[in-house]
Each structure stands twice: as C-alpha cells, then as structure tokens.
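Coordinates in review
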Amino acid sequence: MAVTNSINISTLYARLNQMGLSKNFVRENGLPEWWTEECETLPDATITAAAYISRRFNLEFQSLITPESQPTFQQFTKTCYKKVDHHVLPEISIASHLGRRVAELVVKTYTKEYQPIAGITAYQIREEIINLGKVVNLETLLNFCGKYGIPVFHFARFPKTVKKFYGMVTDCISKPVVVIGLQDLSPSRLAFILAHELGHIALNHLKAGETINDEEIKLDDVQNNDECAANEFAIELLLGKSDQVYYFPQSMKAESLALSAREKAKRDHNDPGAIAWNYGWYKKNRFGVARKAVNLIEKNENAPKMINQQLSQLLDWDCLSEDNQEYLALALKLDGDKVGG
Ligand SMILES: [Zn+2]
C-alpha cells in the first residue's frame, strides 16, 4: 500500500539525526539485519523503515512519517532524572527512552514472578547471601534478583553523541527493572550500581509507572536525599556498614592495594574488588590506582556479558515477534542464533 502524504527516507534519516540518532546508529540498531540500500529504493521504504524504527526505539509511528511533525517518543512514564541541578538535557532522555524500550521487551519475556522487596533492608539481603556461604558481589546480587523476579540487564547501545547513564530503575508493568548503562568490565564496579538501584526499589523511591535515571552515581557531593540513601544502602549491602570506609595508608601502589584488599576481604567476608574501589571512592586522584588494583584482582572478567547471560536464562524468547527477538539479542549483545526461536 503506497502512502502518498509521507516524507521520503532521506528526510526521515535527517530528522532522526537532528534528534541525536545518526543514520549509522539507526541502520545498525533501528532496522533489521536484512535491510539494505536496495530496500530504500522501494516505494514503501519510509513506511517500512518507520514501522521498525518506531517499534525498536519507542517513537510514535505517525510522528516519523508525517511531513509537518517531529519524531516524538511515546510517553511511557514519569522519569525522575537524578541530577544535581535538575536540568534535564534532551540527550539524556534519548538514552532513557531506549533503555526503557528494551526493559519492556525484557519484561515481556521474563519468566519469573516478582516478589516485592520494598521495605527489605540492605542487612537482610546481605544476610540472605552470606547465609548461602557466599560474599555479596555482582554474581550473588544477580542471583538474588533472579530469585525475587527482578530483571537486570546491561544496555549501552546508545548513539555516540547522547548523554548516557550509569544506571536506571524503571517500573514496567508493575515490576521494577534495573538497567545498568555504564560500559565497564569490572563486576565489582557494576555491582555497586546494581546495589544502588536495588536501594531505590527497597527504599520505596520508585513509584508506580516511574523511572529513576542515574546519569552518574557519586559518593561525594551528593545533594539529593534519595541518592544518599541509595548509596548508603549499596555500601551496607556490599561492605556490611552504611558508613564503611577501609583504612589504607595515604598512598598505595596497585599491587599492594590488591594484596591488602584481598586480605581484608577474606577477614570481613567481602568482595575484594569492592574494597579496592573503596580506596578511590572519596578521592578522585586515587581512582586510577583503584582501577589497576581491581584489574589485578578481577583479571579478564566481562561484567556486562555476565549480567546479560544470566538474564537470558530467565527469558522465554518465543513470546516475542521475530524482529523483537532480533532487536533484544542485539541490545543485549547476545548471539541471535542461540536465543531466537
Ligand atoms: Zn540513584
């Protein structure tokens, strides 16, 4: 069916580019794998492309093809952007919208029922993990989330120019979903973000239909009460006390920090990576040494992969359309052949 009153494909790309979604990004993420230059010469190319792009990115279909309108995201929920100055840049909302769309697909396929954790304390979660003979780290926190039916995924397929987020928690069909957006291979670094987002859920910060977007998570210079509370929750969960700070001599080399973190971890039943990061939490100039020490402790870990592989075991891919399967596998960087039906 030819639609006459619509824009051509170049105009569609130009409009998307104007809002921060470059042609390359759209070709790689917004359109199916089989899409080629040749498809764009067909009479209904714009309509077909717009249908895929709108579904994958949560953009309103009509807004993509109507000559006089601008691409508009479908309004999903109220988003609270946790920024010091409360000034929300449109680029952040793009990352948030893209993350939220993937969250919707994840929730549709997620097989576990949610058991509400609002009101649970960091101490209780920690005890539950320690009673299993484990320490609190990314893996055991993911297991906890799996048990309570809280989907957690890593998503960082954003256009280069948009402002990204460290973490996000969104209430999606009455279920909290945690999205980790920081591109970092360190399990202990991402564990902190996960623990912080769990804090937002447990402390009842997330209201029905809301999204909390953490553009950055800082331990110093935090002016928002909810952010402080979520940080304290995360520190208690990971290290045992909400004000836990490990003592280290003023200046350390990465090798000795790694060694010392391992000793303290053994003594306190904590994750050595979390202790090494603790060295750099409150002093920016220590971040590089903390990073090196963590690399020595964690070696060749790939935290984003760990998160998404664990998630994929809890997904029923068959309930998604073929294109949704393809996009979800792309978004989660999972091998399409292994996950698709
Ligand atoms: Zn937060």
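What counts as what
Residues numbered from 1 in each chain as written. Predicted model: local features only at pLDDT ≥ 70, side-chain atom pairs only at ≥ 80, totals over all residues. Helix = DSSP H or I, 4+ residues; strand = E, 2+ residues; numbered from the N terminus. Contact = placed C-beta atoms within 7 Å. Axes fitted to C-alpha atoms, helices over the stretch in contact; angles between N-to-C directions. Parallel < 35°, antiparallel > 145°, perpendicular 65-115°, else oblique. Nonpolar A, V, L, I, M, F, W, Y, C, P; charged D, E, K, R; others polar. Buried ≥ 20, exposed ≤ 12 C-beta atoms within 10 Å, placed from the backbone. Pairing = 2+ DSSP bridges. Domains from an automatic or database assignment. Left-handed = near helix turned anticlockwise from the far one by under 90°. Core = buried A, V, L, I, M, F, W, Y, C linked by C-beta atoms within 7 Å. Expected span 1.5 Å × (residues − 1).

The subject of this paragraph is the overall build of the protein. If you tally the helices and strands in the protein, you get 15 helices and five strands. Seen along its three principal axes, the alpha-carbon backbone of the protein occupies a region of about 70 × 40 × 35 Å. Restricting the contact set of the protein to residue pairs at least 6 apart, pairs at least 24 apart contribute 72%.

To characterise two packed helices, one gives the angle between the axes of the helices and the distance between these axes. Packing of helix α8 (residues 187-202) against helix α11 (residues 272-281) leaves a shortest axis separation of 8 Å and a crossing angle of 80°. As far as their axial angle goes, α11 and α8 are roughly perpendicular. Every residue of α11 that contacts α8 at Pro187, Ser188, Arg189, Ala191 and Phe192 is listed here: Gly273, Ala274 and Trp277. Grouping the constituent residues of the contact of α8 with α11 by class yields five nonpolar, two polar and one charged.

Attention now goes to the pairing of strand β4 (residues 176-180). With five of five residues buried, β4 is to be regarded as a mostly interior element. Burial of β4 is two-sided: the residues Pro176, Val178 and Ile180 facing one way and the residues Val177 and Val179 facing the other way are all buried. Of the strand pairs in this sheet, strand β2 (residues 152-154) and β4 are connected by three bridges, and their pairing is parallel. Looking at the pairing, His154 lines up with Ile180 of β4.

Moving on: the domain arrangement of the protein. Split by domain assignment, the protein resolves into domain 1 (9-65), domain 2 (77-243 + 302-341) and domain 3 (245-299). Using C-alpha coordinates to define each centre, domain 1 is positioned 46 Å away from domain 3.

So, about unusual backbone geometry. With phi around 60°, Ser174 is a residue other than glycine that occupies positive phi space. The residue Ser174 is located in the loop between β3 (167-171) and β4 in this model. Even without glycine at this site, Lys299 takes up a positive phi of about 50°. Residue position: Lys299 is located in the loop between α12 (287-298) and α13 (303-312). Overall, Lys299 belongs to the exposed group, with 7 C-beta atoms counted inside 10 Å.

This next bit is on the packing of helix α10 (residues 254-268) against α12. Where α10 meets α12, the closest approach of the two axes is 8 Å, and the angle between their N-to-C directions is 60°. Judged by the inter-axis angle, α10 sits oblique to α12. In this structure, α10 meets α12 at a crossing whose hand is right-handed. Across from Ala254, Glu255, Leu257, Ala258, Ala261 and Arg262 in α10, the residues of α12 making contact are Val289, Lys292, Ala293, Leu296 and Ile297. Grouping the constituent residues of the contact of α10 with α12 by class yields eight nonpolar, no polar and three charged.

On to the nonpolar core. In terms of nonpolar packing, the biggest core is built from 88 residues, with Leu194, Leu238 and Ala276 touching the most fellow members. Per element, the largest residue contribution to this core is nine residues, and it comes from α8. Not counting the four nearest positions on each side in its chain, Ala276 is found in contact with Leu257, Ala258, Ala261, Ala290, Ala293, Val294 and Ile297.

Right, let's talk about α11 for a bit. Among the 10 residues that make up α11, eight are buried, leaving the element largely enclosed by the rest of the structure. For α11, every residue scored as buried is listed here: Pro272, Gly273, Ala274, Ile275, Ala276, Trp277, Asn278 and Tyr279. In this fold, the buried residues of α11 make contact with α8, α9 (225-239), α10 and α12.

Our focus in this paragraph is α8. The terminal C-alpha atoms of α8, which comprises 16 residues, lie 22 Å apart, in line with the 22 Å expected from a rise of 1.5 Å per residue. Taken across its 16 residues, α8 has 16 buried, putting it largely inside the fold. Backbone geometry just after α8 places Asn204 at a positive phi near 65°.

Moving on, we come to the environment of Glu40. In this fold, Glu40 is placed in the loop between α2 (23-30) and α3 (45-57). When the C-alpha positions of Glu40 and Tyr247 are compared, they lie 61 Å apart, and in sequence the two are 207 residues distant. With sequence-adjacent residues up to four places away left out, Glu40 is seen in contact with Ile9 and Ala45.

Attention now goes to the pairing of strand β5 (residues 210-214). Within β5, four of the five residues are buried, which leaves the element mostly enclosed by the surrounding structure. Here β3 pairs with β5 via four bridges, running antiparallel. Considered in β5, the bridge of Gly167 is made with Asp214.

Right, let's get into the environment of Ala122. In this structure, Ala122 sits in helix α6 (residues 122-130). With 77 residues separating them in the primary sequence, Ala122 and Gly199 have C-alpha atoms 7.6 Å apart. Leave out the neighbours within four places in its chain, and Ala122 touches Phe233, Glu236 and Leu237.

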